[in-house]
Number of protein chains: 2
Amino acid sequence: MKQTYCTNHLRSMADTLELLGGKWKLLIMSLLHSESPMRFSEIERAIGGITPRMLSKELKELEQNELVERRVYPTMPVSVDYRLTDYGRSLDTVLTALGDWGRNHRRRIMQPAVAR
Amino acid sequence: MKQTYCTNHLRSMADTLELLGGKWKLLIMSLLHSESPMRFSEIERAIGGITPRMLSKELKELEQNELVERRVYPTMPVSVDYRLTDYGRSLDTVLTALGDWGRNHRRRIMQPAVAR
DNA sequence: CCGGATCCGAAGCGATACTG
DNA sequence: CAGTATCGCTTCGGATCCGG
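Each value, and the rule that gives it
Residues numbered from 1 in each chain as written. Chains lettered and ligands numbered in written order. Predicted model: local features only at pLDDT ≥ 70, side-chain atom pairs only at ≥ 80, totals over all residues. Heavy atoms only, no water. Near = heavy atom within 4 Å. Polar contact = N/O pair within 3.5 Å; in protein donor to acceptor, adjacent residues only side chain to side chain. Helix = DSSP H or I, 4+ residues; strand = E, 2+ residues; numbered from the N terminus. Nonpolar A, V, L, I, M, F, W, Y, C, P; charged D, E, K, R; others polar. Buried < 20%, exposed > 50% of the residue type's maximum accessible area, 1.4 Å probe, protein only. Pairing = 2+ DSSP bridges. Phe/Tyr/Trp six-rings, centres within 6.5 Å; stacked < 30°, edge-to-face > 60°. Lys NZ or Arg CZ within 6 Å of the ring centre and 35° of its normal.

Asker: Would you mind going over the protein's contact with DNA strand C with me for this structure?
Answerer: Around DNA strand C sit 17 residues, and of these R39, S41, S56, R70 and Y82 of chain B come closest. Of all atoms in DNA strand C that approach within 4 Å of the protein, 78% are sugar or phosphate atoms. Take R53 of chain A: an N or O atom from its side chain is 2.9 Å from a base oxygen of DNA strand C. In the model, a phosphate oxygen of DNA strand C is placed 2.7 Å from a nitrogen or oxygen of the K60 of chain B side chain. Counting only elements with at least two residues in the surface near DNA strand C, the list comes to α4 (52-64) of chain A together with α3 (40-47), α4 (52-64) and β3 (79-84) of chain B. Tallying contributions element by element places α4 of chain B first for the surface near DNA strand C, with 3 residues. A per-class count over the surface near DNA strand C returns 7 nonpolar, 4 polar and 6 charged.

Asker: Hey, could you run me through the protein's contact with DNA strand D in this one?
Answerer: With respect to spatial proximity, 17 residues lie near DNA strand D, and among them R39, S56, R70 and Y82 of chain A together with R53 of chain B are the closest. The side chain of K60 of chain A places a nitrogen or oxygen atom 2.9 Å from a phosphate oxygen of DNA strand D. Backbone polar atom of K23 of chain B to a phosphate oxygen of DNA strand D: 3.3 Å apart, as the coordinates give it. Listed by contribution, the elements that provide at least two residues to the surface near DNA strand D are α3 (40-47), α4 and β3 (79-84) of chain A together with α4 of chain B. Broken down by element, the surface near DNA strand D gets its largest block of residues, 4 residues, from α4 of chain A. Partitioning the surface near DNA strand D into residue classes produces 7 nonpolar, 4 polar and 6 charged.

Asker: Quick question: what am I supposed to make of the pairing of β3 of chain A here?
Answerer: Sheet faces and side chains relate simply in a regular strand, where the side chains alternate between the two faces. All names here are of chain A. Within β3, 6 of the 6 residues are buried, which leaves it mostly tucked inside the rest of the structure. Both faces of β3 are covered, namely the face carrying S79, D81 and R83 and the face carrying V80, Y82 and L84. Relative to β3, strand β1 (residues 38-39) runs antiparallel, the two sharing 2 bridges. Note on β3: the bridge partner recorded for R39 is D81. As paired strands, strand β2 (residues 68-73) and β3 are joined by 6 bridges and run antiparallel to one another. Of the residues in β3, the one forming a bridge with R71 is D81. Here β2 hands over to β3 after 5 residues, the two strands then running antiparallel side by side.

Asker: I tried to follow the packing of aromatic side chains on my own but got confused; where do I start?
Answerer: Two measures describe an aromatic ring pair: the distance that separates the ring centres and the angle between the ring planes. Inspection of every chain in the model, using the stated rule, returns 2 aromatic pairs over all chains. Here R108 of chain A stacks its cationic end above the ring of Y87 of chain B, 3.6 Å away from the centre of that ring.

Pasting the structure below:
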């Protein structure tokens, strides 16, 4: 059954990567995870380097997968914000783990290789 | 300091994604995490759908980032296997979290949306 | 068996300009 | 403010052939 376990494990992982893959999705999720809700332009500024086109596309996909909720307010001009859904918040463990590892890794690569 | 925290957080995340991004790297890591060492062709078969070219490329990059160790045995013909390094094993939390979430997500998407 | 080298198409991504 | 539309590049990734 080892083989079956591995196969399922890999399929799950592959599905997850399809959802969260790409250059920006995990960044956006991580951002909304630490600060929600955020408006479109806030996210744009916070990430820095992403174009409106990409941000729009990624947010739309995250919304379709029910990880992010989009709310429109009938102000003038219209204002929109984004926040994690309950399901999106279930990624908490993943996002925290990635963030922690990332900070640690960043410390590591900032040091000369000989120190390792 | 909230802004600074967020910026560092995002930078760390971005660095991590650069290391583990792409279509296959996390799959390979996850595979080696649950079963090590593995030979080249074993990984190839287990993943299914990856070409030798890509596998070779991904493994090389993972090796350069010291996440994976490659060992060559002077048999005839030569045999090679791959395993996680200590540093690679430090991704344990991340890989476990991703795997758990992935399995859960897979159960979710296998159900009709009305049940959610 | 374990890859390297080359070629090529697809797609991801960015720059810019524009709209309600 | 919150996006869209168009264009073009660059990278990713697959197919195929080759070599130790």
